[in-house]
Amino acid sequence: MRHRFRADRFSGGGTNYSRSFVEWTPDGDRLAFEFEHQLWVVDRTGHELVRLLDANPGPRRTSRFRDGFHADISPDGQQVVYTSCDHRSNDPIPAIDGIIYEQGTPAWRERSHLNYELAVVDIDGGAPRRLTNDTRFDHFPSWSPDGTRIAFISAAADRHPSEHHELQIYMTSPGGGGVQDGDLSFGYVSSSPLAWSPDGERLAFRNGDLVFTVMTDISAERPTGTLETRPPALPAGGNAMPQRDASMVTEIGPSNIPPTWSPDGEWILTASGEGAAYALIAVQADGQASKPIVTLSSIGVNVPVVEAAWSPDGSKIAFVAAGVWIVDSDGRNARFLFGVSGGLTPPGPGHVAWSPDSKQLAAYYSGAGLLHAISLENFEQRILVTKDATGALQAGRGVLSKGA
């Protein structure tokens, strides 16, 4: 049976990934997720729900954190690195275009939302520890597979994050101690999540509507810079990546979703197209070949994919397109799990995350405060987190959902 949806029922992919996240711990016992700029942890049964912290406390929550929240669990499952607006910089906010920002004024409050910092907290709770302390836009942290490095996106102190072509990739260590030299992007990147290759040798990122990968060995001979140094401006009207060394940077191709690596590191998931040609596509990591996974018109959907994730065992791919779907990694057996016609109509696009054993899929709609765990063995759907009548989060206790 095909499930047909109207494009105006769900928002597109442009902002989905910058607003929230959900992720399993490596042992599969818990999930971490965001709700209203707060970091929460729930156990896999939906009985124990804990709020770790508020990443954006105080007044003017929306304007101070309008560029979204992102976090990542360490490979050992013990810590979470996240974007924080709670840790203010010790440095004064610099003037931009001759404007001096007086603390407390509306202009200062508008400017101060750029002061995103990175912080780390133990997943069992405790006091957070900041990693960065500057007046820049430090965002989208991503832990390396071996746990020794954290990549993130940052802007120079005098740039606005909405200018995606003014953002660059940098690296720091989990222990802090400052930013290591080298702009890993060799140019500019979009404000969206980074993806490490399974071997930790490359990072995939978006620049406008294109996906690239870059080598992560900053000891290699290459042009270096600091957070104070900006590369030359891009050509007018283009998304071209200034490739200073073709052996370092590889173009993967167009995509409107954050890139995702296959578990063997051979493929990268992308999604692109228009109208009936909306498609989920796997591209070889060297950018030389691609293969279609799903053309959305073939499953009765006329909206773009907004997120996709490869199962850890490599056998399946989950994706969000007006609902949650799974498909075999060879493109066969696309199956609708839930969404508009599944008895659930949560607002906005969703996020998906595979359990480490590939037996469950978490589906999270942050706008509705609704977190599901879906068994891929019997397709039973259980609610882990939901909202009560007051709008507060509560444990779902694993009760069967309406869509099961």
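Residues numbered from 1 in each chain as written. Predicted model: local features only at pLDDT ≥ 70, side-chain atom pairs only at ≥ 80, totals over all residues. Heavy atoms only, no water.

Draft legend 1. Representation of the overall build of the chain in the model. Per the secondary structure count, the chain includes 2 helices and 29 strands. Counting over 404 residues, the chain shows a buried share of 56%. Once local pairs closer than 6 in sequence are excluded, the contacts in the chain between residues at least 24 apart make up 54%. Carbon and sulfur atoms provide 48% of the accessible area of the chain, an area that totals close to 16,500 Å². (Helix = DSSP H or I, 4+ residues; strand = E, 2+ residues; numbered from the N terminus. Buried < 20%, exposed > 50% of the residue type's maximum accessible area, 1.4 Å probe, protein only. Contact = heavy atoms within 4.5 Å. Areas by Shrake-Rupley, 256 points an atom, 1.4 Å probe, with all protein chains shown as cover.)

Draft legend 2. Spatial organisation of the pattern of salt bridges. If you walk through the whole model with that rule in mind, you get 5 salt bridges. Between glutamate 117 and arginine 130 there is a salt bridge, with the nearest N and O atoms lying 3.6 Å from each other. Remark: arginine 130 occurs in strand E8 (residues 129–130) and glutamate 117 occurs in strand E7 (residues 117–122); sequence separation between them is 13 residues. A relative accessible area of 0% places glutamate 117 in the buried class. What makes arginine 130 partly exposed here is its relative accessible area of 27%. Measuring nitrogen to oxygen at the nearest pair gives 2.7 Å for the salt bridge that ties arginine 382 to glutamate 380. Residue classification places arginine 382 among the partly exposed positions, given a relative accessible area of 33%. Using a relative accessible area of 26% as the deciding quantity, one classes glutamate 380 as partly exposed. (Salt bridge = Lys/Arg side-chain N within 4 Å of Asp/Glu carboxyl O.)

Draft legend 3. Structural view of the packing of aromatic side chains. For the coordinates displayed, the defined rule picks out 8 aromatic pairs. Summarising the aromatic geometry, the rings of phenylalanine 205 and phenylalanine 212 are spaced 5.9 Å apart at their centres and angled 20 degrees between planes, so their arrangement reads as stacked. The same class applies to phenylalanine 205 as to phenylalanine 212, namely buried. Taken together, Phe21, Phe69 and Tyr82 form an aromatic cluster joined through their ring pairs. A cation over an aromatic ring shows up here: lysine 291 above the ring of tryptophan 267, its NZ or CZ 4.3 Å from the ring centre. Over the aromatic face of phenylalanine 379 sits the side chain of arginine 335, whose NZ or CZ is 3.5 Å from the ring centroid. (Phe/Tyr/Trp six-rings, centres within 6.5 Å; stacked < 30°, edge-to-face > 60°. Lys NZ or Arg CZ within 6 Å of the ring centre and 35° of its normal.)

Draft legend 4. Just the sheet that holds strand E15 (residues 210–215), in detail. Read across the sheet, 4 strands follow the order E13-E14-E15-E16 without closing on themselves; strand pairing throughout is antiparallel. Each end of this open sheet is capped by a strand with a single partner; those strands are strand E13 (195–196) and strand E16 (249–254). As defined by bridge partners, E15 adjoins E16 across 5 bridges and the pair is classed as antiparallel. Paired with leucine 210 across the bridge in E16 is proline 254. (Pairing = 2+ DSSP bridges.)

Draft legend 5. Broad picture of the confidence of the model for the chain. Residues with a pLDDT of 70 or more make up 69% of the chain, whose mean pLDDT is 78. Note on residues 221–244: pLDDT is under 50 here. Beyond four places in sequence and across chains, it has 62 contacts. (pLDDT = per-residue confidence, 0-100.)

Draft legend 6. Spotlight on the sheet that holds strand E18 (residues 267–272). The 4 strands are arranged E17-E18-E19-E20 in an open sheet whose pairing can be described as antiparallel. If you trace the sheet from one side to the other, it starts and ends with strand E17 (260–261) and strand E20 (290–295), each paired once. Where strand E19 (residues 279–284) meets E20, 5 bridges bridge the pair, whose relative direction is antiparallel. Across the sheet, valine 283 pairs through a bridge with serine 290, a residue of E20.

Draft legend 7. Fine view of the pairing of strand E27 (residues 370–375). Summarising burial for E27: 6 of the 6 residues are buried, a large majority. Burial along E27 is two-sided: Leu370, His372 and Ile374 facing one way and Leu371, Ala373 and Ser375 facing the other are all buried. Strand direction decides the pairing type here: strand E26 (residues 360–365) and E27, joined by 6 bridges, are antiparallel. Paired with alanine 362 across the strands is alanine 373, a residue of E27. In this structure, E27 lies alongside strand E28 (residues 381–387), joined through 4 bridges in antiparallel fashion. Counterpart to alanine 373 in the pairing with E28 is arginine 382. Hairpin remark: E27 followed by E28, antiparallel, with 5 residues in the connecting loop; positive phi at phenylalanine 379, about 60 degrees.

Draft legend 8. Representation of the nonpolar core. Formed by 23 residues in total, the largest nonpolar core has its most connected members in Leu269, Leu280, Ile293, Leu296, Val305 and Phe319. Breaking this core down by element, the ones donating at least two residues are E18, E19, E20, strand E21 (307–310), strand E22 (316–320) and strand E23 (323–328). The element that contributes the greatest number of residues to this core is E18, accounting for 3 residues. Ignoring anything within four residues of it in the chain, the contact list for leucine 280 reads Ile257, Leu269, Thr270, Ala271, Pro292, Ile293, Val294, Val305, Ala308, Ile317 and Phe319. Counting 21 residues, the second largest nonpolar core, distinct from the first, contains Cys85, Val189, Trp196 and Val249. (Core = buried A, V, L, I, M, F, W, Y, C linked by side-chain atoms within 4.5 Å.)

Draft legend 9. Summary view of unusual backbone geometry. Unlike most non-glycine residues, glutamate 36 shows phi in positive territory, near 50 degrees. Its identity as a non-glycine residue notwithstanding, phenylalanine 140 has a phi of 50 degrees, on the positive side. On the secondary structure map, phenylalanine 140 appears in strand E9 (residues 139–143).

Draft legend 10. Fine view of the environment of alanine 279. Tracing the sequence through the fold places alanine 279 in strand E19. With 17 residues separating them along the chain, alanine 279 and leucine 296 place their C-alpha atoms 5.6 Å apart. Alanine 279 has contacts with Thr270, Ala271, Ser272, Val294 and Thr295, leaving out every residue within four places of it along the chain.

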